[in-house]
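Here is what each chain is made of, one letter per residue.
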Amino acid sequence: MMNGLFISFEGIDGAGKSTHIAALAEAFKARGRTVTLTREPGGTPLAEKLRALILNDSMDALTEALLIFAARRDHLTTVIAPALARGEVVLCDRFTDATFAYQGGGRGFDLEVLSKLELWAQDIQGLGNGFLQELGKKGEAAAILQPDLTVWFDLPPEEAAQRLVGARVPDKFESQPVEFFRRVVEGYADRMRGDSSRFARIDSSPPRELVWASVYQVFADKGWLP
Ligand code: TMP
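The structure displayed is predicted, hence computed values, not measured ones. (Residues numbered from 1 in each chain as written. Predicted model: local features only at pLDDT ≥ 70, side-chain atom pairs only at ≥ 80, totals over all residues. Heavy atoms only, no water.)

A. Structural detail: the packing of helix 4 (residues 96-106) against helix 5 (residues 111-121). Direction vectors running N to C along helix 4 and helix 5 enclose 160°, while the axes themselves pass 10 Å from each other. Relative to helix 5, the element helix 4 is oriented roughly antiparallel. Where helix 4 crosses over helix 5, the handedness of that crossing is right-handed. Contact with helix 4, carried on its side by Thr-96, Thr-99, Phe-100, Gln-103 and Gly-104, involves Leu-111, Leu-114, Ser-115 and Glu-118 of helix 5 and no other residues of that element. (Axes fitted to C-alpha atoms, helices over the stretch in contact; angles between N-to-C directions. Helix = DSSP H or I, 4+ residues; strand = E, 2+ residues; numbered from the N terminus. Parallel < 35°, antiparallel > 145°, perpendicular 65-115°, else oblique. Left-handed = near helix turned anticlockwise from the far one by under 90°. Contact = heavy atoms within 4.5 Å.)

Below is the structure:
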């Protein structure tokens with residue numbers, strides 16, 4: 001059986017992740033891999049219900065962080081860890097770096113609290129035996145589950161805002177001012193500094209075909225795509 005691959009995609013709203021995630025799913029399927037395409041907040045019936053609350057209802061910052069990690073825990077235990085244990089490729093539109101960027105950077109919420117929630121929600125010991133065996137095969141001894149790769153689509157907030165004009169009715173986060181997104185970008189940059197080997201930063205300003213070429217190159221360099 002092939003090793004499971006856990007890949008997350010990040011960036012501010014309007015950075016243009018979606019088409020590239022869909023194209024990567026097709027590229028992996030063309031290589032015979034089974035792909036689980038999922039997103040956060042969401043990815044399970046329970047987490048999708050929490051998503052609707054998180055994106056639309058006003059709440060204090062700790063409540064928001066707790067709901068996000070509750071959704072994440074459900075997603076990890078019922079979808080992500082089982083798929084990885086089966087050797088699948090999990091492509092996840094946003095994961096914990098988004099929490100550090102949006103709640104930590106954007107909202108200015110306590111990073112130490114977020115780190116504690118991350119430890120609890122992503123604790124590998126609690127994710128089931130099949131998954132632990134799979135990690136054992138890879139020779140990893142990490143205490144918390146993180147993506148094997150995080151692709152960060154980096155775009156200046158002003159450009160992202162222009163791309164979003166008229167695109168859809170903005171949710172709670174999309175309707176934030178440009179200064180909020182500047183702090184979100186800083187939040188992503190901080191996360192990348194803290195774990196640089198996990199990240200691939202993609203400049204999302206060029207035309208879509210050129211961005212796709214850079215994305216593909218990252219996967220080819222890792223030997224995951226031809
Ligand atoms: P999406 O529109 O890319 O699906 O993302 C949903 C929104 O939720 C987006 O504005 C970013 C925000 N978000 C957070 O604030 N914290 C998180 O942990 C995640 C995963 C998303």
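B. Region of interest: the sheet that holds strand 5 (residues 199-203). Here we have 5 strands laid out as an open sheet, ordered 2-3-1-4-5, and parallel in their pairing. Two strands lie at the open edges of the sheet, namely strand 2 (35-39) and strand 5, each paired on one side alone. Along the sheet, successive strands turn relative to each other by an average axial angle of 20°, direction set aside. Of the pairings in the sheet, the one linking strand 2 to strand 3 (residues 89-93) comprises 5 bridges and is parallel in character. What sits directly across from Thr-36, in strand 3, is Val-90. Those strands touched by helix 3 (residues 61-85) are strand 1 (5-10), strand 2 and strand 3, and its axis lies near 145° from that of strand 3. (Pairing = 2+ DSSP bridges.)

C. The arrangement of the site of the ligand in detail. Among the 14 residues in the neighbourhood of the ligand, the closest are listed as Asp-13, Arg-51, Arg-94, Thr-99 and Gln-103. For the ligand, an oxygen atom lies 3.2 Å from a polar atom in the side chain of Lys-17. Look at the ligand: alone it shows 480 Å² of surface, and the protein chains cover 95% of it. Looking at the shell around the ligand, the elements that each hand over two or more residues are helix 2 (45-56), helix 3 and helix 4. Grouping the amino acids of the shell around the ligand by side-chain chemistry returns 6 nonpolar, 2 polar and 6 charged. (Near = heavy atom within 4 Å. Polar contact = N/O pair within 3.5 Å; in protein donor to acceptor, adjacent residues only side chain to side chain. Areas by Shrake-Rupley, 256 points an atom, 1.4 Å probe, with all protein chains shown as cover. Nonpolar A, V, L, I, M, F, W, Y, C, P; charged D, E, K, R; others polar.)

D. Quick look at the pattern of salt bridges. Inspection of the entire model under this criterion finds 17 salt bridges. The partner of Glu-88 in a salt bridge is Arg-86, with the nearest N and O atoms 2.8 Å apart. Note on Glu-88: relative accessible area 10%, which makes it buried. Residue classification places Arg-86 among the partly exposed residues on the basis of a relative accessible area of 49%. Of the charged contacts, one joins Asp-190 and Arg-193 as a salt bridge, the two residues approaching to 2.4 Å between their closest N and O atoms. One end of the pair, Asp-190, and the other, Arg-193, are both in helix 8 (residues 178-194), 3 residues apart, so they sit about a helical turn from each other. (Salt bridge = Lys/Arg side-chain N within 4 Å of Asp/Glu carboxyl O. Buried < 20%, exposed > 50% of the residue type's maximum accessible area, 1.4 Å probe, protein only.)

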